[in-house]
Amino acid sequence: GRAEPIRLLLADQGASWTEKEVQIGDWFAGKCELKKTAVFGQLPKFQRADFVLYQSNAILRYLGHEYGIAGSTKEESAVIDMVNDGVEDLRQKFSRFIFMEFETGKEKYLQDLPNQLSPFERILSNNANGTKFVVGDKISFADYNLLDMVHCHLDLDPKCLASFPLLSAYSQRLDKRPKLSEYLKSEARNKRPITPKHK
């Protein structure tokens, strides 16, 4: 879900964390005390000591600044935010399809998917001809968000990147980052529902 890009970031940056999972049935049935204190009535929740933060993209940005992966200049930071907003647009469409239109709208969704992925291919092409990250010389919090969306779509259709060589190479390159690769293959990750599996 929306916590996965946060996990990708933390794992790749070598962080350790404790996770408390909530069963979706308990959440919607009001059996979870956490729901009463969640600022917007949503998860994920990030907590470090007394500091508490909600909203997945706010958490990603916070961790981006924490680990120095939020851009080296104001311009890089702006592009990272732009890409992250673009990923959020795609995530909204993907979520609507998965939870509301999966049985009836798969063919239409996949037909339109190239239009949704092409902006990211163009963005990659503008930075070192697609050989690095969405911007600059180092990974950013937006890269983790984009990578998660790529994983989700590859799980939906393994051939969806066939006409996007830069995006395909980018995802394969990031998947091979040592700490990230270890996390992607971990049992904790691969036992979660609606989480693409890595071997």
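Below: a short report on this structure. Since this is a predicted model, take the numbers as computed values, not measurements.

The rules behind these values
Residues numbered from 1 in each chain as written. Predicted model: local features only at pLDDT ≥ 70, side-chain atom pairs only at ≥ 80, totals over all residues. Heavy atoms only, no water. Helix = DSSP H or I, 4+ residues; strand = E, 2+ residues; numbered from the N terminus. Buried < 20%, exposed > 50% of the residue type's maximum accessible area, 1.4 Å probe, protein only. Contact = heavy atoms within 4.5 Å. Areas by Shrake-Rupley, 256 points an atom, 1.4 Å probe, with all protein chains shown as cover. Expected span 1.5 Å × (residues − 1). Pairing = 2+ DSSP bridges.

Helices and strands together make up the secondary structure of the protein, namely 9 helices and 2 strands. Listed N to C, the secondary structure of the protein is α-α-α-β-β-α-α-α-α-α-α in terms of helices and strands. Looking at the 199 residues of the protein, the share that counts as buried comes to 43%. Sequence-distant contacts, at least 24 apart, represent 61% of the contacts inside the protein between residues at least 6 apart. When the accessible surface of the protein is split by element, carbon and sulfur atoms take 53% of a total near 11400 Å².

Glancing now at helix H6 (residues 141-156). Taking 1.5 Å per residue, 16 residues should reach 22 Å; H6 reaches 23 Å between its end C-alpha atoms and fits that length. Within H6, 14 of the 16 residues are buried, leaving the element largely enclosed by the surrounding structure.

What follows concerns the pairing of strand E2 (residues 51-54). A regular strand carries its side chains on alternate faces of the sheet. With 4 bridges joining them, strand E1 (residues 45-48) and E2 adopt antiparallel strand pairing. Counterpart to Phe46 in the pairing with E2 is Leu53. Connecting the antiparallel pair E1 and E2 is a turn made up of 2 residues, with Ala49 showing a positive phi of about 55°.

What is shown is where atoms sit, not what they do.
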